[in-house]
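Listed here are the chains, written in short residue letters.
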Amino acid sequence: MNRDQALLLVQEALTEIVPDADFTKIGPDTAFREALELDSLDFLNLVERLTEHADCRIDEDDYPRLTTLNSAAAFLAERT
């Protein structure tokens, strides 16, 4: 998976959790968890969806890499 595909995957997963997410208002380096008001369960839901759709393991130690659109896309591109 390249970075653009990974970015699209992250956005799609976030949209499944927050259907009205407006990515034009969230910069690529903005902490999306705060911007979209994701609680802990929402974030775990995101991790689960990314794990399933990218077919890669995401450990708790990896969570800090899933904070912005750019960092999450880079992480997934590296892992797949």
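Everything below is about the structure printed above this text.
Residues numbered from 1 in each chain as written. Predicted model: local features only at pLDDT ≥ 70, side-chain atom pairs only at ≥ 80, totals over all residues. Heavy atoms only, no water.

A. Just the pattern of salt bridges, in detail. With the rule as written, the count across this model stands at 6 salt bridges. With a shortest N-O distance of 2.3 Å, Arg 49 and Glu 16 are connected by a salt bridge. In this pair, Arg 49 is assigned in helix H3 (residues 40-54) and Glu 16 in helix H1 (residues 3-17), connecting sequence segments 33 residues apart. Between Glu 78 and Arg 65 there is a salt bridge; the shortest N-O distance is 3.0 Å. Residue Glu 78 is located in helix H4 (residues 69-79), and its partner Arg 65 is located in the loop between H3 and H4; the two are separated by 13 residues in the primary sequence. The exposure class of Arg 65 is partly exposed, given its relative accessible area of 32%. (Salt bridge = Lys/Arg side-chain N within 4 Å of Asp/Glu carboxyl O. Helix = DSSP H or I, 4+ residues; strand = E, 2+ residues; numbered from the N terminus. Buried < 20%, exposed > 50% of the residue type's maximum accessible area, 1.4 Å probe, protein only.)

B. Just the packing of aromatic side chains, in detail. One pass over the full model with this rule turns up 1 aromatic pair. Where Phe 43 meets Tyr 63, the ring centres are 5.3 Å apart and the plane angle is 80°; that geometry is what we call edge-to-face. Here Phe 43 is found in helix H3, whereas its partner Tyr 63 is found in the loop between H3 and H4, with 20 residues between them in sequence. Above the ring of Phe 43, the side-chain terminus of Arg 33 is found at 4.6 Å from the ring centroid. (Phe/Tyr/Trp six-rings, centres within 6.5 Å; stacked < 30°, edge-to-face > 60°. Lys NZ or Arg CZ within 6 Å of the ring centre and 35° of its normal.)

C. Here's a closer look at H1. Across its 15 residues, H1 extends 21 Å between first and last C-alpha, which sits within 8% of the 21 Å expected from 1.5 Å per residue. Residues of H1 that are buried include every one of Ala 6, Leu 7, Leu 9, Val 10, Ala 13, Leu 14 and Ile 17, and no others. Down the axis of H1, the sector holding all buried residues measures 160°, keeping them to one side. Where H1 is buried, its residues contact helix H2 (32-35), H3 and H4. Its side-chain oxygen 3.0 Å from the backbone nitrogen of Asp 4, Asn 2 forms the N-cap of H1. (Expected span 1.5 Å × (residues − 1). Arc of directions from axis to C-beta. Contact = heavy atoms within 4.5 Å. Polar contact = N/O pair within 3.5 Å; in protein donor to acceptor, adjacent residues only side chain to side chain.)

D. Quick peek at the nonpolar core. Membership of the largest hydrophobic core comes to 26 residues, with the highest contact counts inside it found for Phe 32, Leu 50 and Leu 76. Where this core is concerned, the elements lending two or more residues are H1, H3 and H4. Broken down by element, this core gets its largest block of residues, 7 residues, from H1. Once residues within four sequence positions are removed from consideration, Leu 50 is found in contact with Leu 9, Val 10, Ala 13, Asp 55, Ile 58, Leu 66 and Leu 76. (Core = buried A, V, L, I, M, F, W, Y, C linked by side-chain atoms within 4.5 Å.)

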